[in-house]
Amino acid sequence: AQVTDIEINTSRELYRPVAAEGSMLFFLIIQLCFIEHMYQYSLESFVSFFYKAIDRTQPTDDLAERCQRLIAMIRMTIFRWVNRGLFEDHKLIFCSMLTFKLFSQ
């Protein structure tokens, strides 16, 4: 039981960057309501697209590579989902917000 517990904790720590990416993206899109009040996204819809991104990610045996692929797919899936619903004037603002957030990491 202790060996299994150690394996689970190790795996969980390896996926922590993926969780941090998801968290950063969610709180970033929540801030869009300050730009326009109609940009309101629910956690339920975010999680739905998050799971779609996980399902679309190509599997690999290397865990570090898997995490990088997950992060890239999650970014693109969430970006496309949010960008699709933005006014043209606000798309550049969203791209800038995302870029600044990624550079600050």
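All values derive from a computational prediction rather than experimental measurement.

Thresholds, definitions, all that
- Residues numbered from 1 in each chain as written.
- Predicted model: local features only at pLDDT ≥ 70, side-chain atom pairs only at ≥ 80, totals over all residues.
- Heavy atoms only, no water.
- Salt bridge = Lys/Arg side-chain N within 4 Å of Asp/Glu carboxyl O.
- Helix = DSSP H or I, 4+ residues; strand = E, 2+ residues; numbered from the N terminus.
- Buried < 20%, exposed > 50% of the residue type's maximum accessible area, 1.4 Å probe, protein only.
- Phe/Tyr/Trp six-rings, centres within 6.5 Å; stacked < 30°, edge-to-face > 60°.
- Lys NZ or Arg CZ within 6 Å of the ring centre and 35° of its normal.
- pLDDT = per-residue confidence, 0-100.
- Axes fitted to C-alpha atoms, helices over the stretch in contact; angles between N-to-C directions.
- Parallel < 35°, antiparallel > 145°, perpendicular 65-115°, else oblique.
- Left-handed = near helix turned anticlockwise from the far one by under 90°.
- Contact = heavy atoms within 4.5 Å.
- Nonpolar A, V, L, I, M, F, W, Y, C, P; charged D, E, K, R; others polar.
- Polar contact = N/O pair within 3.5 Å; in protein donor to acceptor, adjacent residues only side chain to side chain.
- Core = buried A, V, L, I, M, F, W, Y, C linked by side-chain atoms within 4.5 Å.

Quick question: what am I supposed to make of the pattern of salt bridges here?
Where side chains of opposite charge bring their charged atoms close, a pairing between them can arise. Inspection of the entire model under this criterion finds four salt bridges. Ionic pairing is found between R75 and E21, a salt bridge with its closest N-O pair at 2.6 Å. With R75 in helix 4 (residues 63-84) and E21 in helix 2 (residues 16-30), the pair connects residues that are 54 residues apart, well separated along the chain. Judged by relative accessible area, R75 falls into the partly exposed class, the value being 30%. On the accessibility criterion, E21 (3% relative accessible area) is buried.

Where do I start with the packing of aromatic side chains in this structure?
Here the distance between the centres and the angle between the planes together describe a pair of aromatic rings. All told, the structure shown has seven aromatic pairs when counted by the stated rule. Counting every residue linked through ring pairs, the aromatic cluster contains F26, F27, F46 and F50. One cation-aromatic arrangement involves K52 over F49; the distance from NZ or CZ to the ring centre is 4.5 Å.

I keep staring at the confidence of the model for the chain and nothing clicks. Help me out?
In low-pLDDT regions, the fine details of the predicted coordinates are not to be read closely. Mean pLDDT over the chain stands at 96; residues scoring 70 or higher make up 100%. The element-level mean pLDDT for the chain is lowest in helix 1 (residues 2-14), coming to 92, with helix 3 (residues 43-56) highest at 98.

I keep staring at the packing of helix 2 against helix 4 and nothing clicks. Help me out?
The description of two packed helices rests on the angle between their axes and on the distance between the axes. Where helix 2 contacts helix 4, the axes come no closer than 9 Å and their chain directions differ by 15 degrees. Comparing their axes, helix 4 and helix 2 come out roughly parallel. At the point where helix 2 passes helix 4, the crossing takes the right-handed sense. Contacts from P17, V18, E21, L25 and I29 of helix 2 reach helix 4 at C67, L70, I71, I74, R75, I78, W81 and V82. In terms of residue class, the contact of helix 2 with helix 4 is built from eleven nonpolar, no polar and two charged.

Teacher, can you tell me more about the environment of H90 here?
With respect to the secondary-structure elements, H90 resides in helix 5 (residues 88-103). By relative accessible area, H90 is classed as buried at 15%. Dropping the residues within four chain positions of it, H90 is found in contact with I35, E36 and Y39. Within the local environment of H90, its side chain forms a polar contact with the side chain of Y39, the two groups lying 2.7 Å apart.

Sorry, what's going on with the nonpolar core here?
Within soluble globular proteins, side chains that are nonpolar generally end up buried alongside one another. If you look at the biggest cluster of nonpolar residues, it comprises 24 residues, and the most contacted ones within it are I29, L32, Y41, F46, I78, W81 and V82. Looking at this core, the elements with two or more residues in it are helix 2, helix 3, helix 4 and helix 5.

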